[in-house]
Amino acid sequence: MARYIFITGGVVSSLGKGLASAALGSLLQARGYSVRLRKLDPYLNLDPGTMSPYQHGEVYVTDDGAETDLDLGHYERFTGVPASRGDNVTTGQIYSDILKRERRGDYLGGTVQVIPHVTDAIKAFIQRDVEDLDFVLCEIGGTVGDIEGLPFFEAIRQLQNDLQRGQTVFVHLTLLPFIPAAGEMKTKPTQHSVKELRSIGIQPDILMCRCDRPIPDGEKRKIGLFCNVRESAVIEARDVDTIYEVPHAYHGEGLDREVLDAFGIMDAPPPDLSRWDEVLSSVREPEGEVNIAVVGKYTELKDAYKSLIESLQHGGIANQVRVNLEWMDAQIFEREDAAAYLEKVNGILVPGGFGERGAEGKIAAVHFARTRNVPYFGICFGMQMAVLEAARHLAGIKDATSTEFGLAGTPVVGLMTEWAKGDVLEKRGITSDLGGTMRLGAYEAFLAEDSRVADIYGTRVISERHRHRYEVNMEYRAQLEEQGLVFSGVSPDGVLPEIVEIPEHPWFVGVQFHPELKSRPFAPHPLFASFIEAALAQARLV
Ligand code: GLN
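For clarity, every value in this text was computed on a predicted model and none was experimentally measured.

Cut-offs and rules
- The residue numbers shown here count from 1 along each chain, following its written sequence.
- Predicted model: local features are reported for residues with pLDDT of at least 70 only, side-chain atom pairs are reported and counted for 80 or more only, and whole-chain, interface and lining totals are derived from all residues.
- Each side-chain value is worked out from all heavy atoms of the structure, with water and hydrogens disregarded.
- Helical segments are the DSSP runs of H or I of at least four residues, strand segments are the runs of E of at least two, and each set is numbered from the N terminus.
- Polar contacts here mean pairs of N or O atoms no more than 3.5 Å apart (in protein, one a potential hydrogen donor and the other a potential acceptor; neighbouring residues in sequence count only if both atoms are side-chain atoms).
- Two residues qualify as a contact provided that any one of their heavy atoms is within 4.5 Å of a heavy atom in the partner residue.
- Axis lines are fitted through C-alpha atoms, for helices just across the contact stretch, and the angle between N-to-C directions can take any value from 0 to 180 degrees.
- An angle counts as roughly parallel when it lies under 35 degrees, as roughly antiparallel when it exceeds 145, as roughly perpendicular when it falls between 65 and 115, and as oblique in every other case.
- Two helices that cross are described as forming a left-handed crossing if the nearer one is turned anticlockwise from the farther one by less than a right angle, and a right-handed crossing if clockwise.
- Gly counts as polar in this scheme, as do all residues outside two lists: the nonpolar Ala, Val, Leu, Ile, Met, Phe, Trp, Tyr, Cys and Pro, and the charged Asp, Glu, Lys and Arg.
- The criterion for a residue being near a molecule or strand is simple. One of its heavy atoms has to lie within 4 Å of it.
- Method for areas: the Shrake-Rupley scheme with a 1.4 Å probe, in which residue coverage is limited to the protein chains shown.
- A side-chain nitrogen of Lys or Arg and a carboxyl oxygen of Asp or Glu constitute a salt bridge if their distance falls within 4 Å.

(A) Representation of the side chain of Arg38 within the structure. Along the polypeptide, Arg38 turns up in strand E2 (residues 35-41). Within the local environment of Arg38, its side chain forms a polar contact with the side chain of Asp87, the two groups lying 2.9 Å apart. Excluding residues that lie within four positions of it along the chain, Arg38 makes contacts with Tyr75, Gly86, Asp87, Phe125, Ile126, Gln127, Arg128, Val130, Val136, Leu137, Cys138 and Glu139.

Put into structure tokens, the structure is as follows:
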């Protein structure tokens, strides 16, 4: 029988609810329990797939091809449990299902209402396929009091009564601001947030209070008293210098103990946090550093590259070095000489991207990396730009372009119109819907014998997650390979290119997939580990 932990937030957004949930999941896992984390998103989009990174940050793709909230990335990275389509739901999905059923006549003439139909659908989602687990952690997006969140709060309130006593625990994350003029930490916003929660029938069992300094005992007592929470369940969630410290920090404050107490579990084994110790010692005691240029479009919005940033850090952990990221807006290289910016870096990475803006700048960055022997890692769009650079400057196809930018020029990268997904042939055209229609999720690739990537992965068959609409046109393969850009990874049917590399270059790899979605702090992805290793070798040269 699964136990449910509901994590809600109050006072302000961006308190790190996703990270807190992930850390709690990892602590329970460290005590030997099986866990699964889910995210309920109150917005109306069916999924974040069509939202701008400015609105939503990164779109996290699961093995089974769902485009989900970036918090699922935290969950996977902290617990190692692969997320799936069933772990993220939005109001849009709930309503879309209900309206389809209504049209089919499933409600037998009844009036379809928020209570019970929407709340029932939310409850069914929360409880789907979790019977064998010890704990299900469910995070509700947004903050208590948001109008669009109400059905979700109502659903979890009802679940408390639907399920057995002691089968649900409510954790509420709030902020304790320090007001310099008063020289005091203020508890009032937390009191109001809990009041709001209680007014809709939810009494939190545990409060996690984000703060930038220790909470005085007197304040903890006061919070407990005014929020109707036992004092020991007021958990200090203080800022830490690295996110890998969070599980240790929360354990130190008694979070997992309090959660287990709230369930009445008294005999839990102590947590084994050794995997986090190893990660922390590598982060805290680096034996060197490398500088990596990330040449992208949303460089001012780091949430757009959440998994990428983490994976580069994991590459650092694998090599016991600090990885400094230098964010560069690709468009700079359309106006100025790339050398002025890239001369000093030890590696260049062009991440995933969409649209023409900045593309020429990215191609310029690739050109610099290739001709100056600087390690280059191209991810998805970054691979496509690497191919365009080689097509133009090595293969002499001067007007090589992608049809993503229009129909002029030679389409070395073009719209993918069909591909095999298992036994099914997926088909797309220029008029297909934009939402959910890319080549999404895990696909296998076969790696060429003696290639650099086969050596890096230590295997010839890999599975990686994808999210793209365009592909490198195989018609140009022979021409490009003659010039030294080798197609070292292809789809099992040989139709789609998955990896290109330049064997003569110190480290030049472009991948059509997103390896950053599968890297973990305690299991760094081999491509990131190898890229950072190459950057380190480059750093030692200069
Ligand atoms: N825009 C490119 C495509 O759709 C690359 C996508 C990406 O980088 N995720 O194929």
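Right, picking up where we left off after that structure.
(B) Main features of the packing of helix H1 (residues 17-30) against helix H3 (residues 71-79). Closest axis-to-axis distance for the H1/H3 pair is 8 Å, and the angle between their directions is 25°. With respect to each other, H1 and H3 are oriented roughly parallel. For the crossing formed where H1 meets H3, the hand is right-handed. Of the residues in H3, those touching H1 at Gly18, Leu19, Ser21, Ala22, Ala23, Gly25, Ser26 and Gln29 are Asp71, His74, Tyr75, Phe78 and Thr79. When grouped by side-chain class, the residues that make up the contact of H1 with H3 number five nonpolar, seven polar and one charged.

(C) Broad picture of the site of the ligand. Looking at the ligand, the residues that line it are Gly352, Gly353, Phe354, Cys380, Phe381, Gln384, Glu404, Arg467, His468, Arg469, Tyr470 and His514. The separation between an oxygen atom of the ligand and a polar main-chain atom of Tyr470 is 2.9 Å. At 3.2 Å, a side-chain N or O of His514 approaches a nitrogen atom of the ligand. Burial of the ligand by the protein amounts to 99% of the accessible area it has alone, namely 290 Å². Sorting the residues of the shell around the ligand by element identifies helix H16 (381-393) and strand E21 (461-468) as the ones contributing at least two each.

(D) Highlighting the pattern of salt bridges. Using the criterion set out here, one finds 35 salt bridges in the structure. As a salt-bridge pair, Asp41 and Lys39 come within 3.2 Å of each other at their nearest N and O atoms. Taken together, the salt bridges that share partners define one network made up of Lys17, Lys39, Asp41, Asp69, Asp71 and Glu139.

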